[in-house]
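Okay, here's what each chain looks like letter by letter:
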Amino acid sequence: MLIAIQAVVLFPLWFEIPSWITAATIGLLIVKYLTYKFNIKLPSWFLLIFVFSAFIGIFAYFRTISGRDAGVGLICLMYGFKLLESKSYRDATLMLFISFFIMVMAFLFNQSIAMGLYLLLAMLAILSGIVALNSINGIKGLRHLSKLSGVALLQAIPIMLVLFFLFPRLPGPLWAMPDKSQGGTGISDSMSPGDIGSLTTFDDPAFRVKFDSAVPSASEMYWRGMVFSNYDGFTWREGSRSPTRTTNIPSFETRYQYRVQMEPNKSRWLFGLEQLATAPKDTYLFNDFTWRRPKKIINQFNYSAEAVVYDYQGVVLSEFHRSVNLQLPRTGNPKSREWAKTLFAQSRSTEDFIQRILSIINQQQYHYTLTPEVLEEDVVDGFWLGTREGFCEHYAGAFVFMMRAAGVPARVVTGYQGGEYNPYGDFYLIRQSDAHAWTEVWVDNKGWVRVDPTAAIHPSRIEEDLRPRATRRDDWFSDKVVGFDLPQGFLQKLQMRWDAIKSFWDDSLMSYGQDEQHDWLSKLGIHSNQWRYLGYGLVVTLLLSSLLFGLWLLRKSIKRDPVEKYYELLKQKLMKQGVSIPEHYGPQAIIELLDKRYPQLHEKYSIAIKFYIGIRYKKETDDESWFKRFKAQVKTL
Amino acid sequence: MKLIGNIKKRFYNWIDARLPANPEIQLRQRNIYILPTRYGWLMLAIILLILIAATNYQNNMGFMAGFVLLAIGALSIFYTYRNLRHLKIRVLKPQAVYAGDNVSLSLEVINSTEQFRASVGFGETKKKTSLIDIPNSDKAYYQESFPAHKRGWFVYPRMAVTSVFPFGIFQVWSWFKSPYKALIYPKPIAPSSPLDAGVNGEEDGSTSVKGSEDFYSVKEYQPGDPLKQVMWKAFARERGILTKEFEDKVGEQQLFSWQSVAHFEKELALSYLCHELIEANSKGIDFGLQMPSKKIDLGKGDKHLYQCLEVLALF
């Protein structure tokens, strides 16, 4: 039983901890099972060696024994080991209670609904184990035990909810955690050919957005993340940039208001609908209009923001920024440079130049594919004048390269594009596969203009799987865009519904924290002394509910056996007649008493009492009908 | 340490004074106590750990798990309390035993509610208990033995009825005391030489009782006379139905006296007397007991024996 419980508890962790620890814990379980089955006693030196080697192993692997991953690994091992040496009630109880903690550790890795349900199950198993330990029959009445624990769990959940919402929350980590976690999937802090393309296969949600205002069209949904202005001939990186103050940016006008619920991306950038202005709480706005958190986002993170339109009339690009956004490696890609300069010379204006390039992309054999030929040197030359096939980062990179070659300040922007509307949750879901790269070109008096060269590719030359996504892009060639509507099948609806539930789970439950608590309290009109009110609320609701609950729970136990009830009634009737029945008198004794002292009552009452004796003490009676007759008898008395 | 011991002693004295000595104890709110067990504290520590970890990692699932456990812990108070509530304990009358044997305490535990009471423990202390189940609307019996070292009245210790069911995080308990005292007879020890019991036993004890052993006289048959005793020969000679009457000579009668054993050490003397009385009773002879303070006339049968033994036990 304990073995099974431990397996259940450890199961979700097996996927998270290093495989050798997983193997070791499974091994321990098997050893325990074998020793139990064949009744072998393990020598204590064996156990000692095991503990010792576990420490060594952890230290060798993690180079530390503190921190989340190493700690979890160590605890898992010790937990498995504890089972190995448990024999007494004490050991077993200890192990079961520790199981609760182990179970919670799994949440550090995964907070999904499925995990929640699974752990509810695990909790049920642990509780049943505890009940089994405390009852005489051990695990024999397993069904009864799990029913008992299930009822307890169900009754505990409402109390948990009250505590969950009312319990005063503290902000942030209590202590700094060494967290060397690997970067999650998502956009990275640099862009080289193939980076974003590799993301298209990830369907994980990146973030969800709810609009408080009007909703922009899908083709307007450019979620800006990072701006790359530094190019080394292969990789685009962030250039020189600094946090900005709101006084330094052009005047703007608000267009859309929205709230974002962001999945932890283990990086510091936030995404916002273009254009970005005022940064959310605790976030910096940089002068390339990107947002940046002071710390990595390791938990669900919610923020609200607005999309704006800047007014660049009369704004001049500073010399410094001009030079940053004109930077190119000194050598390389000579053909493209030449090509761009020639075309620029033919153009009437910057805008005309842009338009000409886009037309070329649209009309010549430029292909949009996830599997372009891999280029090693002079990638722009190779792509633009050679293979003519690539993904968004190829197009954006080449486009900016040629702009800069022609002396037009330009930069690469990465982020996400589009979003899938979920009608059940009324939100837009942006997935990792929506990752995209586009460009910004400085046009005098218009400022930074967004140009998405990928959107100019003719639909017929877009790889078929990528079409639905591509149609959502900026429609520079709107007349030629062909709509590809996915059939809205049942499965897809189901998927959306599930996503809505998941969004609720993540949005309302998993990201509930100090801020949210503060918000709803403020809505109730409680702005100061919130803790005190929370305390009051907590105490009052808990007292009230425990009172009600206690009454209800204890009432149930008072509910009496109906037969007994009528027997009591009968006795009371006798008492009223003046018969004093000593407390310990059984039914037979009462009949005798009546016979001796109250012959006139004997005749009347003895039949009913005999019925009672029949129901209570005779083995094979038809209880139902006997009870009915007994009831009738008592009533007529 | 001494201070704590003192306080403990005072506390238990106070408890003892409060305990009603009724044969029937109804467990209810005023006599049920509840405290967390050590595992309860452990669970609390684990919950705190979980909540701290949840705060640190801003992990709401952690909060949920912690709060569920907290709620279960709180509910445990009710669950555990409910397990004892409304139970009725009836202490059964004890039977007398000989010193050196075990004296037992028998309890009848009555559950008149519709709820199964699992793992209710009985014992001298809260910690050492043996568990029984009491099904709904049913009774269960519990017996505990105590070694009876000394003759006289055995006063039962204070008993505890406890329960940690279902989760073992809270322990409810109640104390009760048996209203009965058990009688402990002296330990029967065979005397090394026969007690000179007959010293004054036989001389005035030769009373005759009509019996079947020695022929005594002949009388007219009366219905009810044993057919064996009908004088069939006389009947054959047409002398009417006559029956023989016999006489049992009850010479074997003994009056045991304190005098005869007074020269032994007191307890040993009582043990000898005890043994002799039992012997006498098993032989089926008449016996009596002469103690300095009390005299029990000749008689026979178990009831008579116990009467005598009681005198010895309380001497």
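These figures come from a predicted structure and were not determined experimentally. (Residues numbered from 1 in each chain as written. Chains lettered and ligands numbered in written order. Predicted model: local features only at pLDDT ≥ 70, side-chain atom pairs only at ≥ 80, totals over all residues.)

A. Region of the structure containing the overall build of chain B. Helix and strand content of chain B: seven helices and 18 strands. Burial statistics for chain B: of 315 residues in total, 36% are counted as buried. Here the contacts in chain B between residues at least 6 apart in sequence split such that 69% fall between residues at least 24 apart. (Helix = DSSP H or I, 4+ residues; strand = E, 2+ residues; numbered from the N terminus. Buried ≥ 20, exposed ≤ 12 C-beta atoms within 10 Å, placed from the backbone. Contact = placed C-beta atoms within 7 Å.)

B. Focus on the overall build of chain A. From N to C terminus, chain A includes 20 helices and 18 strands. Burial analysis of chain A (637 residues in total) assigns 33% to the buried set. For chain A, restricting intrachain contacts to residue pairs at least 6 apart in sequence, the fraction spanning at least 24 positions comes to 71%.

C. Quick look at the confidence of the model for chain B. Residues and elements named next belong to chain B. Averaged over every residue, the pLDDT of chain B is 80; the share at 70 or more is 82%. In the model of chain B, strand β13 (residues 208–211) stands out as the element of lowest mean pLDDT, 46, in contrast to strand β2 (residues 33–36), which has the highest, 90. Here residues 197–213 scores under 50 on pLDDT; set against residues more than four positions off or in separate chains, the count is 27 contacts. (pLDDT = per-residue confidence, 0-100.)

D. Inspection of the packing of helix α5 (residues 89–105) of chain A against helix α2 (residues 38–56) of chain B at higher detail. Axis separation between α5(A) and α2(B) bottoms out at 10 Å; the angle between their running directions is 10°. Relative to α2(B), the element α5(A) lies roughly parallel. From α5(A), Thr93(A), Phe97(A), Phe100(A), Phe101(A) and Val104(A) reach across to α2(B), where they touch Tyr39(B), Leu42(B), Met43(B), Ile46(B), Leu49(B), Ile50(B) and Ala53(B). The residue makeup of the contact of α5(A) with α2(B), split by class, is eleven nonpolar, one polar and no charged. (Axes fitted to C-alpha atoms, helices over the stretch in contact; angles between N-to-C directions. Parallel < 35°, antiparallel > 145°, perpendicular 65-115°, else oblique. Nonpolar A, V, L, I, M, F, W, Y, C, P; charged D, E, K, R; others polar.)

E. Structural detail: the pairing of strand β18 (residues 295–299) of chain B. Alignment of strand β17 (residues 286–290) of chain B against β18(B), held across three bridges, turns out to be antiparallel. Across the sheet, Phe287(B) pairs through a bridge with Gly299(B), a residue of β18(B). (Pairing = 2+ DSSP bridges.)

F. Inspection of the sheet that holds strand β11 (residues 170–176) of chain B at higher detail. Residues and elements named next belong to chain B. Pairing is antiparallel in the open sheet, where five strands are placed in the order β2-β11-β10-β6-β7. Unpaired on one side and paired on the other, β2 and β7 (130–134) mark the two borders of the sheet. Looking at each pair of strands side by side, their axes are set apart by 30° on average, direction ignored. In the sheet, strand β6 (residues 117–123) pairs with strand β10 (residues 159–163) via three bridges, with the strands oriented antiparallel. Looking at the pairing, glycine 121 lines up with threonine 162 of β10. Contacts from helix α3 (residues 60–84) reach β2, β6, β10 and β11 within the one sheet, and its direction differs from that of β11 by about 30°.

G. Spotlight on the sheet that holds strand β3 (residues 87–91) of chain B. Residue and element names in this part refer to chain B. Overall, antiparallel pairing links the four strands, which are arranged β1-β3-β5-β8 in an open sheet. In the strand order of this sheet, the two ends are held by β1 (24–26) and β8 (138–147), each with one partner. The sheet shows a mean angle of 20° between the axes of neighbouring strands, taken without regard to direction.

H. Broad picture of the interface of chain B and chain A. Taken together, the 46 residues of chain B in the interface contact 48 residues of chain A. Only α2, α3, β6 and β7 of chain B provide two or more residues apiece to the side of chain B that touches chain A. Among the elements that line the side of chain B that touches chain A, the one with the most residues is α3(B), at 17 residues. Of the residues contributing to the side of chain B that touches chain A, the split by class is 29 nonpolar, 13 polar and four charged.

I. Molecular detail of helix α6 (residues 266–283) of chain B. Residues and elements named next belong to chain B. With 18 residues, α6 extends 26 Å from end C-alpha to end C-alpha; this agrees with the ideal 26 Å at 1.5 Å per step. Those residues of α6 that fall on the buried side of the exposure criterion are Ala269, Leu270, Ser271, Tyr272, Leu273, Cys274, Glu276, Leu277, Ala280 and Asn281. Where α6 is buried, its residues contact β12 (181–185), β16 (253–257), α5 (258–261), β17 and α7 (302–313). Glycine 284 lies just past α6 and shows a positive phi near 85°. (Expected span 1.5 Å × (residues − 1).)

J. Fine view of unusual backbone geometry. For the bond from Glu274(A) to Gln275(A), the omega torsion is -10°, close enough to zero to count as cis. Within the secondary structure, Gln275(A) is located in the loop between β8 (272–273) and β9 (284–285). Cis geometry marks the peptide bond from Phe165(B) to Pro166(B); its omega dihedral reads 0°. Its location among the elements puts Pro166(B) in the loop between β10 and β11.

K. Geometry of the nonpolar core. Membership of the largest hydrophobic core comes to 98 residues, with the highest contact counts inside it found for Met103(A), Ile126(A), Ala65(B) and Val68(B). Here this core gets 15 residues from one element, more than from any other, and that element is α3(B). Not counting chain neighbours up to four residues away, the residues in contact with Ile126(A) comprise Ile5(A), Val9(A), Leu96(A), Ser99(A) and Phe100(A). Grouped together as the second largest cluster of nonpolar side chains are 73 residues, Tyr258(A), Trp269(A), Val308(A) and Ile430(A) included. (Core = buried A, V, L, I, M, F, W, Y, C linked by C-beta atoms within 7 Å.)

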